[in-house]
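# Geometric and topological summary
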Amino acid sequence: MDLQLIEKLGRVKEEIGRALVGQEEVVELTLTALLAGGHVLLEGVPGLGKTLLARTLARVLDISYNRIQFTPDLMPSDITGTNLILPGREDFEFRRGPVFASLLLADEVNRATPKTQSALLESMQEGKVTVFGETRDLPQPFFVIATQNPLEMEGTYPLPEAQLDRFLFKILVPYPSLEELKEIVALTTGTAQAEVNPVMTGPEILAVNRLAREVPLAEKVLEYALKVLVATHPDNAGATPRIKQYVTVGASPRGIQSIILAARVRALLAGRFNVSFADIEEVSLPALRHRLFLNFEALGSGVSADSLIAEILAETERG
């Protein structure tokens, strides 16, 4: 194990905390997903620091950063780039779009049309874009942090299941407490400005991703994670009565991949070199909540995916 990398991971969290007040769990989960090589969907009302989190992460991790404000008139070429004819030349020149950055913030991604949303699919899955038949590699590492507002649904286009499944985590951003609001006011309305410094580099992030895959995973811990996943399927014998009643389709195999990768990174962030049952439990909710598709009865009864996953975790036996 590279102890120097492990030490830097702790410094990353400390540096982010200098610019972002509260939201410890959101920061921890977002950092976990990025270090695992995955993408994140942040859901919360405006003004909770989602954009600040993305910008701070890019600064602390010392990687290139771009932001796209998604709107209904946004076109796929506005994301990927396009070929242009330059004055005085007979050939085309490719002008790169904002997707060519190591960290891309897709702000209010559900406001764009499905055609434009789909422009992110290849880049999120393959790390490449194809424009006019030519495929170009994106910078490595490459992460997408997408945001959406859960309150305003008019004029939006809900993300399709295929695109939701490409996010390693869906993270709910809570409203800050009274004490945190006081700190935010002091930090943002005074003369002093919080400055964060780069701690890691792009190659070091890729090294952490490789290192995390070497973290030992006991057979009993893996079996526990698998039991949690299959319990989300209503036709499985281990499904709870409420899963059978309210869930149409359970989590895909990407769900277990997300849980295991994230649990390994979480172990590294905690300074441990083995995955625990607690690691599995901590990452299961953000890894699965967007992979359970509920029926109309659940929506009408106010049943949430979070409550169903919490029930599974409570009833699934360890070891």
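Keep in mind it's a predicted model, so treat the numbers as computed, not measured. (Residues numbered from 1 in each chain as written. Predicted model: local features only at pLDDT ≥ 70, side-chain atom pairs only at ≥ 80, totals over all residues. Heavy atoms only, no water.)

Take the overall build of the chain next. Each helix and strand in the chain was counted, giving 15 helices and eleven strands. Taking 2.2 N^0.38 as the reference for a compact globule, 319 residues should give roughly 20 Å; the C-alpha atoms of the chain span a radius of gyration of 20 Å, in line with that estimate. Along the three orthogonal principal directions, the C-alpha set of the chain runs to about 70 × 45 × 40 Å. Within the span of the chain, comprising 319 residues, buried residues form 49% of the whole. Restricting to contacts in the chain with at least 6 residues of sequence separation, those with at least 24 account for 76%. Of the accessible surface of the chain, which amounts to about 15,200 Å², a share of 53% is contributed by carbon and sulfur atoms. The positive charge centre, built from 31 side chains, and the negative charge centre, built from 41, are 2 Å apart in the chain. (Helix = DSSP H or I, 4+ residues; strand = E, 2+ residues; numbered from the N terminus. Rg over C-alpha atoms; globule rule 2.2 N^0.38 Å. Buried < 20%, exposed > 50% of the residue type's maximum accessible area, 1.4 Å probe, protein only. Contact = heavy atoms within 4.5 Å. Areas by Shrake-Rupley, 256 points an atom, 1.4 Å probe, with all protein chains shown as cover. Lys, Arg positive; Asp, Glu negative; His and termini not counted. Charge placed at Lys NZ, Arg CZ, Asp CG, Glu CD.)

Our focus in this paragraph is the pairing of strand 5 (residues 103-107). Within strand 5, five of the five residues are buried, which leaves the element mostly enclosed by the surrounding structure. Side chains of strand 5 alternate between two faces, with Leu103, Leu105 and Asp107 and Leu104 and Ala106 buried alike. Bridge count for strand 2 (residues 65-69) against strand 5 is five bridges, and the pairing is parallel. Counterpart to Gln69 in the pairing with strand 5 is Asp107. Note: strand 5 against strand 8 (residues 143-148), four bridges, orientation parallel. The partner of Leu103 across the bridge, within strand 8, is Phe143. (Pairing = 2+ DSSP bridges.)

A word on the pattern of salt bridges. Side chains that differ in sign of charge can pair as their charged atoms come close. One pass over the structure, following the stated rule, counts 16 salt bridges. Across the pair Lys13 and Glu28 runs a salt bridge whose closest N-O atoms are separated by 3.6 Å. One end of the pair, Lys13, is in helix 1 (residues 3-19); the other, Glu28, is in helix 2 (residues 24-35), and 15 residues separate them in sequence. Across the pair Glu134 and Arg136 runs a salt bridge, and its minimum N-O distance is 3.3 Å. Taking relative accessible area as the criterion, Glu134 reaches 44% and is therefore assigned partly exposed. Look at Arg136 and you get buried, because its relative accessible area is 18%. Salt bridges sharing common partners tie together Asp165, Arg254 and Arg291. (Salt bridge = Lys/Arg side-chain N within 4 Å of Asp/Glu carboxyl O.)

As a further point, take the nonpolar core. Judged by nonpolar contacts, the single largest core of 76 residues is most densely connected at Leu57, Phe169 and Ile280. Here the element with the most residues in this core is helix 12 (residues 253-269); it accounts for ten residues. Setting aside its immediate chain neighbours within four residues, Phe169 contacts Leu29, Thr32, Ala33, His39, Val40, Leu41, Ala262, Val283, Pro286, Ala287 and His290. Ile68, Phe142, Ala146 and Phe167 belong to the second largest nonpolar core, which has 24 residues in total. (Core = buried A, V, L, I, M, F, W, Y, C linked by side-chain atoms within 4.5 Å.)

For helix 1, the complete set of buried residues consists of Leu5, Ile6, Lys8, Leu9, Val12, Glu15, Ile16 and Ala19. The secondary structure elements touched by the buried residues of helix 1 are helix 2, helix 3 (50-61), helix 8 (178-188), helix 9 (202-212) and helix 12.

A separate point is the environment of Gly238. Residue position: Gly238 is located in the loop between helix 10 (219-230) and helix 11 (241-246). For Gly238, a relative accessible area of 49% puts it in the partly exposed group. With 75 residues separating them in the primary sequence, Gly238 and Gln163 have C-alpha atoms 28 Å apart.

Attention now moves to helix 13 (residues 277-288). The first and last C-alpha atoms of helix 13 sit 16 Å apart over twelve residues, in line with the 16 Å expected at 1.5 Å per residue. Burial in helix 13 covers these residues: Asp279, Ile280, Val283, Ser284, Pro286, Ala287 and Leu288. In this structure, the buried residues of helix 13 make contact with helix 2, strand 9 (169-172), helix 10, helix 12 and helix 15 (305-315). (Expected span 1.5 Å × (residues − 1).)

What follows is about the environment of Ser307. As for its placement among the helices and strands, Ser307 is situated in helix 15. Among the residues examined, Ser307 registers a relative accessible area of 29% and is labelled partly exposed. Between the C-alpha atoms of Ser307 and Asp91, which are 216 residues apart in sequence, the distance is 57 Å. There is a polar contact of 3.3 Å between the side chain of Ser307 and the side chain of Arg242. (Polar contact = N/O pair within 3.5 Å; in protein donor to acceptor, adjacent residues only side chain to side chain.)

A separate point is unusual backbone geometry. Between Gln140 and Pro141 the backbone carries a cis peptide bond, its omega angle lying at 0 degrees. Within the secondary structure layout, Pro141 lies in the loop between strand 7 (134-137) and strand 8. Positive phi, close to 55 degrees, is recorded for Asp62, a residue that is not glycine. Turning to its location among the elements, Asp62 is positioned in the loop between helix 3 and strand 2. Accessibility expressed as a relative area gives 43% for Asp62, which makes it partly exposed. Phi at Glu108 is positive, roughly 50 degrees, even though this residue is not glycine. Its place among the elements puts Glu108 in the loop between strand 5 and helix 5 (114-117). Residue classification places Glu108 among the partly exposed residues on the basis of a relative accessible area of 21%.

Function cannot be read off these values alone, since they describe shape.
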